[in-house]
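# Report on the structure
Letter by letter, the chains look like this.
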Amino acid sequence: MSLREVLDRFLKDEEDIIYIKNINPDEFKENEIPLGTTVIMEVKGRRRLMDLGLLSIIYNKCNGIKFVKDYLNLNYSLEDIHKKYKVYTELEYFSLYCPPLHIDGDFSEVAVKLKAYILSRENC
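In short, a report on the structure. Note that the coordinates shown come from a computational prediction; the quantities given were computed from them, not determined experimentally. (Residues numbered from 1 in each chain as written. Predicted model: local features only at pLDDT ≥ 70, side-chain atom pairs only at ≥ 80, totals over all residues. Heavy atoms only, no water.)

Moving on: the side chain of S56. Positionally, S56 belongs in helix α2 (residues 52–61). Leave out the neighbours within four places in its chain, and S56 touches F28 and I33. (Helix = DSSP H or I, 4+ residues; strand = E, 2+ residues; numbered from the N terminus. Contact = heavy atoms within 4.5 Å.)

In structure tokens:
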């Protein structure tokens, strides 16, 4: 399923959670995805809940292309992701590695607090 098809299902059909098998990460540079576009990717019994809007921000504005490709590759467990990037989720990656971006007031506040938590967790 293409990223455009996922977005159409989310916006037009108002599906709150969409199950997908794969997404080509390079499609993020062609599509602007609203924050909160939630999908569950499932491959070979492994499932990962992800926000495609946040992944598109990471891909396009945070120099996080490699992270997005790895995160979308369910051959990597979340432990593998953590070993490589010191984060478990796309929100953690955004909080830790992206420059301050004002996306939404509440979202920005969560990102700042989450960054402090991640730094304390990783220094333990």
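In this section: the pairing of strand β2 (residues 38–43). As defined by bridge partners, strand β1 (residues 18–20) adjoins β2 across three bridges and the pair is classed as parallel. Residue pairing for β2: Y19 is matched across the bridge by I40. One ladder, built from six bridges, connects β2 with strand β3 (residues 46–51); its direction is antiparallel. Looking across to β3, one finds that V43 is bridged to R46. (Pairing = 2+ DSSP bridges.)

Our focus in this paragraph is unusual backbone geometry. The backbone of N63 sits at a positive phi, close to 55°, despite the residue not being glycine. Within the secondary structure, N63 is located in the loop between α2 and α3 (65–72). The backbone of K86 sits at a positive phi, close to 65°, despite the residue not being glycine. Structurally, K86 is set in the loop between α4 (78–85) and α5 (90–97). With a relative accessible area of 39%, K86 lands in the partly exposed category. (Buried < 20%, exposed > 50% of the residue type's maximum accessible area, 1.4 Å probe, protein only.)

With respect to the helices and strands, the residue D51 is situated in strand β3. As a buried residue without a salt bridge, D51 has its nearest oppositely charged side chain in K61, at a separation of 13 Å. At 2.8 Å, the side chain of D51 and the backbone nitrogen of G53 are in polar contact. Excluding anything up to four places from it in sequence, D51 contacts P34, L35, G36, T37 and E90. (Lys, Arg positive; Asp, Glu negative; His and termini not counted. Salt bridge = Lys/Arg side-chain N within 4 Å of Asp/Glu carboxyl O. Polar contact = N/O pair within 3.5 Å; in protein donor to acceptor, adjacent residues only side chain to side chain.)

As a volume, the largest pocket reaches approximately 200 Å³. Lining the largest pocket, in full, are F94, S95, C98, P99, P100, L101, S108, A111, V112 and K115. When residues of the lining of the largest pocket are traced back to their parent elements, those giving at least two are α5 and α6 (105–122). Within the lining of the largest pocket, the residues separate by chemical class into seven nonpolar, two polar and one charged. (1 Å grid on protein atoms, 1.4 Å probe; cavity = no way out; pocket = protein on both sides within 12 Å on 5 of 7 lines; lining within 4 Å. Points joined across faces, edges and corners; volume = space filled by probe spheres on them. Nonpolar A, V, L, I, M, F, W, Y, C, P; charged D, E, K, R; others polar.)

Keep in mind these numbers describe shape, not what the thing actually does.
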